[in-house]
Amino acid sequence: MRVLHAPPRGTAARRAQHARLTEAESWVRRGLPLGGEDALDTALARRPAEREITWTSTMGVRHPRAASCAVPDADPDEPAPANTAPVHAGAAYADAVRAAAEYAAAGAAARAVGDELLSTRRRVRAVRRHWIPRLETVLARVDAGSTRTSTRTRCAGGGWRTCRHRGVDPR
């Protein structure tokens, strides 16, 4: 049941997030030899990203429908980097963060619906194994009791002797 707790490995959200992260890492590898670690630190130092999650309900389960992430732009007052690799790396990392938010929303939705599905299966199993047999037993007792009551009613009209002669036990 592992598939119910995470989106399948080949989902578009996962592939998009992985592709964006790979692109960002390639720009970092290009920028390190050209500008050094200090150039990357100044180019990537920004305010935190802000996320927004929209929710929906499927089969009575509330889960995230989509997630969007707003990554703030670089401060225009900051000095320009020595080369364009840090700028491209920053943009690629921003795209990777957005894609990661979408992937996280898809994973949370799959887990929520999957957990509810497993819970429903447990409840159905409990009903089938425990409640239905109990109710069938009670129903059989009630049916047997109603047969006995109707026999007593018929015998009461003809008296006890009539019931015994017919071979019916009025008890």
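What counts and how
- Residues numbered from 1 in each chain as written.
- Predicted model: local features only at pLDDT ≥ 70, side-chain atom pairs only at ≥ 80, totals over all residues.
- Heavy atoms only, no water.
- Helix = DSSP H or I, 4+ residues; strand = E, 2+ residues; numbered from the N terminus.
- Contact = heavy atoms within 4.5 Å.
- Areas by Shrake-Rupley, 256 points an atom, 1.4 Å probe, with all protein chains shown as cover.
- Phe/Tyr/Trp six-rings, centres within 6.5 Å; stacked < 30°, edge-to-face > 60°.
- Lys NZ or Arg CZ within 6 Å of the ring centre and 35° of its normal.
- pLDDT = per-residue confidence, 0-100.
- Pairing = 2+ DSSP bridges.
- Salt bridge = Lys/Arg side-chain N within 4 Å of Asp/Glu carboxyl O.
- Buried < 20%, exposed > 50% of the residue type's maximum accessible area, 1.4 Å probe, protein only.
- Core = buried A, V, L, I, M, F, W, Y, C linked by side-chain atoms within 4.5 Å.

1. What about the overall build of the chain?
Next up, step 1: Counting its secondary structure elements, the chain contains 2 helices and 2 strands.
Next up, step 2: What you see in the chain, going N to C, is helices and strands ordered as α-β-β-α.
Next up, step 3: Considering only contacts in the chain between residues 6 or more positions apart, those separated by 24 or more positions represent 67%.
Next up, step 4: If you sum the accessible surface of the chain, you get close to 12500 Å²; carbon and sulfur atoms cover 55% of it.

2. Some remarks on the packing of aromatic side chains
Next up, step 1: Per the stated rule, a full pass over the model turns up 0 aromatic pairs.
Next up, step 2: The ring of W27 is capped by R30, whose NZ or CZ atom sits 4.2 Å from the centre of that ring.
Next up, step 3: Above the face of the W131 ring, R134 is positioned so that its terminal group lies 5.7 Å from the ring centre.

3. Considerations on the confidence of the model for the chain
Next up, step 1: For the chain, per-residue confidence averages 77 on the pLDDT scale, and 74% of positions sit at 70 or higher.
Next up, step 2: In the predicted structure, residues 1-7 sits below a pLDDT of 50 and forms 18 contacts with residues beyond four places in sequence or in another chain.

4. A closer look at the pairing of strand 1 (residues 50-58)
Put simply, side chains in a regular strand alternate between the two faces of the sheet.
Next up, step 1: For strand 1 and strand 2 (residues 61-70), the ladder comprises 9 bridges, and the chain directions are antiparallel. Along strand 2, the bridge assignment pairs E52 with S68.

5. Details of the pattern of salt bridges
Between side chains of opposite charge, pairing is possible as soon as their charged atoms come close.
Next up, step 1: Scanning all chains against the criterion turns up 2 salt bridges.
Next up, step 2: As a salt-bridge pair, R98 and D95 come within 2.8 Å of each other at their nearest N and O atoms. Taken together, the positions of R98 and D95, both in helix 2 (residues 85-166) and 3 residues apart, correspond to about one turn of that helix.
Next up, step 3: Taking the relative accessible area as the measure of exposure, R98 reaches 30% and is therefore partly exposed.
Next up, step 4: Under the relative-accessibility criterion, D95 is labelled partly exposed at 32%.
Next up, step 5: The salt bridge involving E116 is made with R123; its shortest N-O contact spans 3.1 Å.
Next up, step 6: Here E116 falls in the partly exposed class, since its relative accessible area comes to 30%.
Next up, step 7: Owing to a relative accessible area of 45%, R123 belongs among the partly exposed residues under this scheme.

6. Overview of the nonpolar core
Generally speaking, soluble globular proteins have nonpolar side chains that are buried together.
Next up, step 1: The biggest cluster of nonpolar side chains holds 6 residues, and these are A24, W27, V28, A85, A89 and A92.
Next up, step 2: Discounting chain neighbours no more than four positions away, the residues touching A92 are R20, E23, A24 and W27.

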